[in-house]
Each structure stands twice: as C-alpha cells, then as structure tokens.
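One letter stands for each residue in the lines below.
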Amino acid sequence: MKWARTTAIVFLLAVSTACLLANFIAPASYAHQFREEPNAAPSRQHLLGTDDLGRDRFSRVLYGTRVSLLLAPAAALLCSLLAAFIGGIAGFAGGWVERCVMAGTDLFLSLPWLFLLITVRALLPLNVSPIVSVLITFAMLGCLGWAGAARIICADARTLAQSDFILLARASGSDGLRLLWRHLLPNLKPILFAQFWISVPVFILTEANLGILGLGVAEPLPSWGSLLRELEGFSSISGQVWRLVPLILFILVVSSFHLVLTKEELPI
Amino acid sequence: MPRWGDITTLSALPKLAAKILITVLIGGFLGATLVRLAPGFGVDEEELDARLSAQSIQALRATREGDGNLCVFYFRYLSRLLRGDLGNSRTLQRPVSQLVAERLPETLKSVVLGLALGWSAGFLLAVAIVMSRAWYLDLLGSLLVGVLLCLPAAVLALLFVLAQAPARLLLGLVVFPKIFRYSRNLLARSSALPHVLTARAKGLGNMRVLIWHILPTAAPQLLALLGVTVSVAFTAAIPMEALCDLPGIGQLAWKAALGRDVALLVNLTMIVTLVTLVANSFSDIVGKTFCASKA
C-alpha cells in the first residue's frame with residue numbers, strides 16, 4: 001500500500017498548500033457577504049456557490065480547511081508532548097510513580113470524551129472573538145487527549161527502561177535526566193510519531209462534532225464544523241450537489257491522515 | 001475450570017466495586033474542579049437581561065453562592081447524593097434525578113440496539129472476510145469502513161435526518177467500523193497461527209477451524225473491546241440525540257452545555273462514567289474468566 005500512502009501525502013501537501021495560499025487563491029474574504037446572491041449556484045465568480053448569508057463557499061472551504069489543518073496538528077503535537085512527558089516519566093520511574101500516574105490515566109480514560117469536552121467547552125467563555133474560540137477549542141483538545149497516548153508510551157518506556165542498553169548506560173554512570181534525554185526519548189520517537197498522526201484525524205473529527213453542535217469555533221471564522229453544519233439546512237441533496245463538496249473534501253483529508261501511517265505503525 | 005460463581009471471581013468483585021466507586025468519586029471531584037476553576041464560572045447570561053432589577057440580580061447570584069467554593073459544592077453534592085438527590089437543573093428548573101430517570105432509558109435503549117447492530121454487522125463481516133479470504137469482499141469492507149471512520153457522528157446524524165432514517169440505527173453505524181477493523185485484524189492474525197494452519201492442512205472444515213481454533217485465541221481481546229464500544233456509543237449518543245431530537249441524556253448534556261448548567265453536566269458525566277466503568281469491568285471479568293477456563 002505504498003502508493004496509497006504516497007498519494008495521501010501528496011494530497012495532504014496539495015490541500016495544505018492551497019489553504020496556506022488562501023489569501024491569494026480565494027476570490028473573497030471568508031466573511032464577505034454578497035448580499036444580492038444568497039444561496040447562489042456555482043458560477044465563474046463563486047466556484048462552489050454562496051451560503052445562506054451570501055458568503056463565497058469556496059473561500060470559506062479554503063479558510064476553514066486552513067484552520068483545521070493548522071490547528072489540529074498543533075493540538076496533536078501538544079497532546080503528544082504531554083503524553084511523552086507523563087507516560088515517559090511514569091514508565092521510566094516505575095514503582096509507585098507509575099502506579100499513581102497510570103491510575104490518573106485510567107481515570108481520565110474512563111471519562112467519556114465528548115461529555116468531558118462539552119463540559120469544559122461550555123464553561124469556557126462563549127462571548128470571545130472567533131480567533132480566541134478556535135484557539136480554545138484546539139487547546140482543549142490537545143490538553144484533554146493525552147491519556148490514551150500516555151498509556152502506550154508508558155508501556156514502551158517501561159520496556160525500554162529494562163533493556164540492556166539502558167543498563168549499560170546506567171553502569172557507565174549516566175544519571176536519570178541524561179538517560180531520559182539521550183537514550184530513552186530518541187527510542188520513543190517512532191511511537192510518538194505514530195501517536196501524533198493518529199491524534200490529528202481524531203481532533204479534526206472532534207472539532208467537527210463540536211462545531212456542528214454549536215460548541216466549536218465561533219462565526220464568522222469558518223472551520224470544518226461550521227462548514228459541515230450547513231448540511232442542516234440541506235433539504236434536497238440531488239438539487240444542490242455542490243453543497244456536498246466540503247463533506248467530500250473532509251472525508252478525503254481525514255482518510256489521507258489515516259493512510260499516512262503504515263500498517264506496522266498502526267495499533268491493531 | 002473457574003466459573004462465574006467461583007471464589008476467585010467472587011473475591012475480585014468487591015475490589016472491583018471499590019475501584020469503580022473511588023474512580024467515580026475522584027472523577028466527579030475532578031469534574032467539579034474543572035467546572036469551578038474554568039473561566040466564566042458564575043457568569044450567567046440571565047444577569048444581562050435589562051428587565052431585571054438589582055434585587056433580582058442579587059437573588060440570582062444568591063442561588064449560585066454555594067457553588068463558589070469547590071469543596072462546599074462537592075460535599076453538598078455528595079451528601080445530597082446519599083439521599084438520592086442529584087440537585088436541580090438551573091436551566092430546566094427540574095430535579096436532575098427526575099430528568100435522568102426520564103431520559104436514561106431512552107439512551108440505554110439506543111446504546112443497546114446500536115451495540116447489537118454494530119457488533120453483529122462488524123463481527124460477521126470480519127468473519128466472512130477472514131474465512132472466505134475473498135479480496136473483493138475485503139476491499140469493499142475496507143472502503144466502507146474507511147468512509148465511515150472519516151465521518152463525524154454529527155454528520156451521520158444530519159444525514160440520517162435528511163434521509164429520514166430511523167435515528168437509533170446511527171449508533172450501530174458508529175460502532176460498526178471499529179468492531180470490523182479490530183475483529184478483522186485479530187481474526188486474520190489468529191488464522192495465521194501455526195496450529196490453525198496445521199488444522200486446515202489436516203482438512204478441518206471452515207466452521208470447525210473458526211469455532212475451535214481461531215475464535216478462542218481472539219476472544220479475550222474481542223471481549224476487551226466490548227467495554228470500549230460502550231463508551232464510543234455513549235459519546236456518539238450526544239450528536240445523535242441532539243440533532244435527531246431524541247429525548248435521551250445525550251440531548252440533555254448538549255442542552256446543559258449550551259445553558260452552562262453545572263450540576264446537570266457533572267451528574268451526567270458521572271453517570272455515563274459509571275456505566276462505562278461497569279461495562280469495562282464486566283468485559284474484563286469475562287475476558288479473565290475465559291482465559292482462566294482456557295488454561
């Protein structure tokens with residue numbers, strides 16, 4: 001499946017480049033309203049038509065994809081770093097430290113993900129600027145999503161801590177921090193890399209869920225959640241197929257993230 | 001061979017129950033802490049109503065005074081809980097226990113149906129693919145599952161509303177890809193084991209190989225998945241009930257989140273956590289009993 005992986009990477013690079021160049025490619029700002037043309041069909045001026053408020057849908061797709069494609073990896077990075085820190089220290093220290101940290105992780109894992117997220121999101125300020133709302137949403141995902149990855153990293157760190165090369169390094173006089181930084185962390189890189197790539201689509205999906213429920217990124221800033229929420233007012237699919245473009249792009253982007261990891265890197 | 005009534009299984013139950021209780025209490029406390037420390041706590045949109053007098057605003061603030069101190073908030077909650085009182089929902093103006101009693105059966109019904117559908121479809125398709133070794137079936141299954149895994153539950157709910165499909169089936173569709181993927185990988189791995197290959201080489205039929213050689217190897221891990229899928233189903237119940245207008249606790253949680261109803265959200269999270277923990281422990285015990293019986 002090497003070809004599928006290559007195609008996915010090329011597709012993701014193409015989409016990311018298009019989104020980063022949104023300022024130049026998009027025919028209008030994501031918030032600009034063409035008040036005379038609400039719900040317009042695709043035309044030369046509006047490639048994907050306009051939404052209920054007369055905003056150019058193609059521009060909103062570009063900017064919305066940019067928001068998700070920039071911030072979901074950032075949240076995944078935060079989550080992976082937290083998991084590496086917590087899981088790595090727990091696995092390396094072992095004993096009561098590991099037991100306490102793993103008990104905390106179990107507790108975190110037993111809290112239902114979306115229930116926890118909507119509880120936290122609902123209690124953060126709602127009357128904030130769109131930029132702050134998008135940062136809150138993704139920071140929350142990054143801060144709350146570490147538990148599963150920490151468990152896996154802890155198990156890996158525990159195995160590594162008992163391996164021969166660590167024993168040799170200890171015998172050569174390496175102290176705790178040096179061992180952790182020079183020997184353990186480089187060997188945890190593959191698992192951290194896999195956890196990072198697994199987290200990105202999970203966070204994109206979660207943001208979409210939150211956005212559709214009205215608890216995600218605030219208007220007028222577009223995100224996948226707000227773009228997909230348009231389906232709510234979609235009474236006849238056959239009549240306006242172009243309105244499905246954001247959904248199709250969403251599926252392609254998320255499936256590309258799924259394909260980036262090889263079979264060996266994925267958990268069962 | 002240990003059975004359900006065995007001393008080993010029975011002696012593990014109190015320990016497990018204590019673990020669940022402690023987890024729920026700490027989880028509830030952490031939930032209350034999050035709620036209390038989060039910015040925006042104590043702010044109520046009702047106070048912005050220009051028609052309210054200063055006295056009315058003071059009265060509104062007085063109703064929330066107890067929630068100000070985290071420990072007071074939590075201990076008040078626990079003492080009320082022992083009396084079966086889960087507090088009042090501020091937004092819906094009704095006792096939380098009454099709301100939960102009304103709505104939990106609805107969600108449980110959806111979750112049970114969804115799990116039954118998801119497990120049946122996912123597991124049977126995985127068995128069919130592994131046993132038949134038909135590449136086209138594998139490709140079709142993988143494509144279907146690939147698309148389903150890329151769709152947020154909320155989008156599925158919207159599509160169900162558009163298609164006017166029965167909303168309860170949605171949870172099955174959310175659980176199905178996870179079951180299928182995990183089961184197929186597990187069964188494929190088990191079917192490649194040397195003893196299974198030997199059994200096939202000796203001319204054993206497909207059903208016999210599946211029941212006596214493949215399933216017993218994969219069963220403990222499959223059973224462990226049962227608990228996880230309960231959590232997945234409850235999580236997907238929020239968008240399903242919110243968007244398909246089903247009066248369950250998912251919809252209640254969504255309304256509570258929009259209305260910033262602290263008491264209701266903490267209670268609902270604790271109830272769902274409890275159900276998830278019980279399901280996880282149940283699958284854990286069944287898995288261990290199965291392993292012990294195999295040994």
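Just so we're clear, the structure is a prediction, and the values are computed from it rather than from any experiment. (Residues numbered from 1 in each chain as written. Chains lettered and ligands numbered in written order. Predicted model: local features only at pLDDT ≥ 70, side-chain atom pairs only at ≥ 80, totals over all residues.)

1. With respect to the overall build of chain B
Helix and strand content of chain B: 11 helices and 2 strands. In chain B, the succession of α and β elements from N to C terminus is α-α-α-β-β-α-α-α-α-α-α-α-α. Going through the 295 residues of chain B one by one, you find that 35% of them count as buried. Here the analysis covers contacts within chain B between residues at least 6 apart in sequence; of these, 73% occur between residues at least 24 apart. (Helix = DSSP H or I, 4+ residues; strand = E, 2+ residues; numbered from the N terminus. Buried ≥ 20, exposed ≤ 12 C-beta atoms within 10 Å, placed from the backbone. Contact = placed C-beta atoms within 7 Å.)

2. Concerning the overall build of chain A
Check the secondary structure of chain A and you find 11 helices and 0 strands. Overall, chain A shows an N-to-C arrangement of helices and strands of α-α-α-α-α-α-α-α-α-α-α. C-alpha atoms of chain A, sized along the principal axes, occupy 75 × 45 × 30 Å. Within chain A, buried positions represent 43% of all 268 residues. Here the analysis covers contacts within chain A between residues at least 6 apart in sequence; of these, 70% occur between residues at least 24 apart.

3. Quick look at the packing of helix α9 (residues 176-212) of chain A against helix α6 (residues 153-163) of chain B
The interhelical angle for the contact between α9(A) and α6(B), taken along N-to-C directions, is 50°, at an axis separation of 7 Å. When the interaxial angle is binned, α9(A) and α6(B) end up oblique. Here α9(A) contributes A:Ala208, A:Asn209 and A:Ile212 to the contact with α6(B), which in turn contributes B:Ala153, B:Ala154 and B:Val155. Broken down by class, the residue content of the contact of α9(A) with α6(B) amounts to 5 nonpolar, 1 polar and no charged. (Axes fitted to C-alpha atoms, helices over the stretch in contact; angles between N-to-C directions. Parallel < 35°, antiparallel > 145°, perpendicular 65-115°, else oblique. Nonpolar A, V, L, I, M, F, W, Y, C, P; charged D, E, K, R; others polar.)

4. Some words on the interface of chain A and chain B
Residue-level contacts link 34 residues of chain A with 42 residues of chain B. Contributing elements (two or more residues each) for the side of chain A that touches chain B: α4 (95-110), α5 (113-123), α9 and α11 (245-260) of chain A. With 10 residues, α5(A) is the single largest residue contributor to the side of chain A that touches chain B. Residues of the side of chain A that touches chain B, tallied by class, amount to 26 nonpolar, 6 polar and 2 charged.

5. Here's the deal with the nonpolar core
The tendency in soluble globular proteins is for nonpolar side chains to be buried side by side. Counting 131 residues, the largest nonpolar core has B:Ala233 and B:Ala253 as its most contacted members. Considering each element in turn, this core owes the most residues, 16 residues, to helix α3 (residues 57-93) of chain A. (Core = buried A, V, L, I, M, F, W, Y, C linked by C-beta atoms within 7 Å.)

6. Observations regarding unusual backbone geometry
One non-glycine residue with positive phi stands out, namely A:Asn39, at about 55°. Even without a glycine there, the phi angle at B:Gln93 is positive, about 55°. With respect to the helices, strands and loops of the structure, B:Gln93 is situated in the loop between β1 (88-89) and β2 (94-95). Exposure remark for B:Gln93: the 7 C-beta atoms within 10 Å place this residue in the exposed category.

7. What about the environment of A:Gln240?
Residue and element names in this part refer to chain A. The topology assignment puts glutamine 240 in the loop between α10 (224-229) and α11. For glutamine 240, a count of 14 C-beta atoms within 10 Å gives the class partly exposed. In sequence terms glutamine 240 and glycine 49 are 191 residues apart; their C-alpha atoms lie 9.7 Å from each other.

8. Quick notes on the confidence of the model for chain A
Per-chain confidence: chain A averages 85 in pLDDT, with 94% of residues scoring 70 or above. Taking the mean pLDDT of every element in chain A, the minimum, 78, falls on α5(A) and the maximum, 91, on helix α1 (residues 2-20) of chain A. (pLDDT = per-residue confidence, 0-100.)

9. Here's the deal with the environment of A:Pro220
Residues and elements named next belong to chain A. Inspection of the secondary structure assignment puts proline 220 in the loop between α9 and α10. Along the primary structure proline 220 and tyrosine 30 are separated by 190 residues, whereas in three dimensions their C-alpha atoms are 7.6 Å apart. Apart from residues no more than four positions distant in its own chain, proline 220 is found in contact with Tyr30, Ala31 and Pro130.

10. Observations concerning the environment of B:Val275
All names here are of chain B. Locating valine 275 in the fold gives a position in helix α11 (residues 262-294). A residue is classified by how many C-beta atoms lie within 10 Å of it, and valine 275, with 19 of them, is partly exposed. The spacing of valine 275 and leucine 117 is 158 residues in sequence and 20 Å in space, taken between C-alpha atoms. Among all residues touching valine 275, those that are not within four sequence positions of it are Val230 and Phe234.

11. Focus: helix α7 (residues 170-191) of chain B
Residue and element names in this part refer to chain B. Over its 22 residues, α7 runs 31 Å from end to end, which matches the ideal 32 Å to within 8%, given 1.5 Å per residue. Maximum bend of α7: about 30°, positioned at phenylalanine 176, with proline proline 177 one to four residues after it. When you tally the buried positions in α7, you get 18 out of 22 residues, the bulk of the element. (Expected span 1.5 Å × (residues − 1). Bend = angle between axes of the 7 residues up to and from the residue.)

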